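Per-entry structural report
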Amino acid sequence: MPTILGQNQYGKAENRVVKIVRDGDTHHIKDLNVSVALSGDMDDVHYSGSNANVLPTDTTKNTVFAFAKEHGIESAEQFGIHLARHFVSSQEPIHRARIRIEEYSWERIATSEGNSRFIGADEVKHSFVRKGQETRVSQITYDGENWEVISGLKDLTVMNSTNSEFWGYVKDRYTTLKEAYDRILATDVSARWRYNWTSDEQRMPNWEKSYEQARKHMLHAFAETYSLSLQQTLYQMGSRIINSRSEIDEIRFSLPNNHHFLVDLEPFGLKNDNEVYFAADRPYGLIEATVLRDGVEPKIPVDMTNL
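Residues numbered from 1 in each chain as written. Predicted model: local features only at pLDDT ≥ 70, side-chain atom pairs only at ≥ 80, totals over all residues. Heavy atoms only, no water.

**Here's the deal with the packing of helix 4 (residues 207-224) against helix 5 (residues 230-244)**
Remark: helix 4 packs on helix 5, axes separated minimally by 8 Å, with the N-to-C direction vectors making an angle of 140 degrees. Judged by the angle between their axes, helix 4 and helix 5 are oblique. Helix 5 is crossed by helix 4, and the crossing has right-handed handedness. Judged by residue contacts, A214, H217, M218, H220, A221, F222 and E224 of helix 4 engage T233, Q236, M237, R240, I241 and S244 from helix 5. Among the residues forming the contact of helix 4 with helix 5, the class breakdown is six nonpolar, five polar and two charged. (Axes fitted to C-alpha atoms, helices over the stretch in contact; angles between N-to-C directions. Helix = DSSP H or I, 4+ residues; strand = E, 2+ residues; numbered from the N terminus. Parallel < 35°, antiparallel > 145°, perpendicular 65-115°, else oblique. Left-handed = near helix turned anticlockwise from the far one by under 90°. Contact = heavy atoms within 4.5 Å. Nonpolar A, V, L, I, M, F, W, Y, C, P; charged D, E, K, R; others polar.)

Dropping the structure here:
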C-alpha cells in the first residue's frame, strides 16, 4: 500500500547556554537547556531529500547562542518567545516553532563577612523543600499568529512531617495497608501551568514574577493544608495558584507519593513513636490531576512525560 507523510518536525535539542551578566563585582547567571522544534513545508526533504526548505539544525543552535547575546535572557519564557518569533517570521517554509527550555538555578554562596542569616518560617515548622533540586521548565509554541506558553517545574521535593492522614479507604481481600492518622507526606512535584496570554495584542505577563508567585502559592498550599489524601493537597495547590494568579488558567500536577514507613523497632526493645522511618523509593503511588479556572477548556497534555 502507498504511504504518506504524517506529522513531522526537526530542530536542535538540548542547547546548553549560560549567560553571565556582569554588574560590576556582582554577577548574575542564567543557565538554560534549550530545545528547538520546527515544522512547516517539509514534505520534499522527506520524499526526495531536497533541503531547499531546510534551515540547518546547526543554524538553530547558533541562533540560540547569538540571541543570548543580542536579546539577553530576561526569563526562560521571554527568551523562548524571541526564538519562536524569529524562526517563524524569518523563514517562510516554517509555520510553527516550539521552544522547550529547562532552567537550572544557581544560589549565591554567602560569605561570613556578609553577616548572612538564615530566615525560617515563624508559624509552619513541619514543611521542607530540598534545596538545589527543582528545575524550571517552559514550552513556547508559536504559529505566526497565536502563542501558547506553558511553564512549570519538576523535581521540587517537599515534605510534611505531620498534619497528614490516610484512612477510610476501600478494603478488599488484598488490602494490607494500615490506616494512618499521623503520617509523613512527601512528593516530588512536577507541575505545568498554562498562561492565558495568546496574542501580541494582549499585555504580556511578568514571567519571572509569575513563576516566583506560582511557586510560592504552591508551597504555601502544601504546607498549610491538613491533608487527608495527596489528592486533596494537589487540588489545594492548584486552586491556590488559579485563584491568586489571574494570568494562569490551567495547571496540571504529577505527584508521586514518596512513601515513608515506620520501622518496627520492637525486636530491639525500642518503641518507635513516629520517629524513625524507612524511605521507600519504589513502588510509589502516582497522583495526577488538572485544576482549571471555571469555564476553561483543558489543553495541557494528560501525559506530561515529554512536556
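**Side note on the pattern of salt bridges**
A full pass over the atoms with the stated rule returns 16 salt bridges. Taking the shortest distance from any N to any O, the salt bridge between K61 and D58 comes out at 2.9 Å. Here K61 and its partner D58 are both found in helix 2 (residues 57-70), three residues apart, which amounts to about one turn of the helix. Here D200 makes a salt bridge to R85, at a shortest N to O gap of 2.8 Å. Here the residue D200 occupies a position in the loop between strand 7 (185-195) and helix 4, and R85 occupies one in helix 3 (residues 76-90), the gap between them amounting to 115 residues. Taken together, the shared-partner salt bridges in this structure form one network comprising K30, E77, E103, R136 and E208. (Salt bridge = Lys/Arg side-chain N within 4 Å of Asp/Glu carboxyl O.)

**Focus: the packing of helix 2 against helix 3**
Where helix 2 meets helix 3, the axes come as close as 11 Å, and the angle between the chain directions of the two elements is 130 degrees. What the angle tells us is that helix 2 and helix 3 run oblique. Note on packing geometry: the crossing formed by helix 2 with helix 3 is right-handed. Facing T60, T63, V64, F67 and A68 of helix 2, the residues of helix 3 in contact are F79, H82, L83, H86 and F87.

**Some words on helix 4**
Between its first and last C-alpha atoms helix 4 spans 26 Å; for 18 residues at 1.5 Å apiece the expected length is 26 Å, and the two agree. W207, S210, Y211, Q213, A214, H217, M218, L219, A221, F222 and A223 are the residues of helix 4 that are buried. (Expected span 1.5 Å × (residues − 1). Buried < 20%, exposed > 50% of the residue type's maximum accessible area, 1.4 Å probe, protein only.)

**Remarks on the packing of aromatic side chains**
The full count for this structure, using the stated rule, is seven aromatic pairs. Look at W197 and W207: their rings are 5.8 Å apart centre to centre, the planes differ by 80 degrees, and that puts the pair in the edge-to-face class. Placement of the pair is W197 in the loop between strand 7 and helix 4 and W207 in helix 4, with a sequence separation of ten residues. According to the relative accessible area criterion, W197 is buried, its value standing at 1%. W207 sits in the buried class, given a relative accessible area of 2%. Among the aromatic side chains, those forming a connected cluster through ring pairs are Y142, W147, Y195, W197 and W207. In this arrangement the basic side chain of R85 is found over the ring face of Y142, its NZ or CZ atom lying 6.0 Å from the centre. If you follow R136 out to its NZ or CZ, it ends over the ring of Y211, 4.3 Å from the centre. (Phe/Tyr/Trp six-rings, centres within 6.5 Å; stacked < 30°, edge-to-face > 60°. Lys NZ or Arg CZ within 6 Å of the ring centre and 35° of its normal.)

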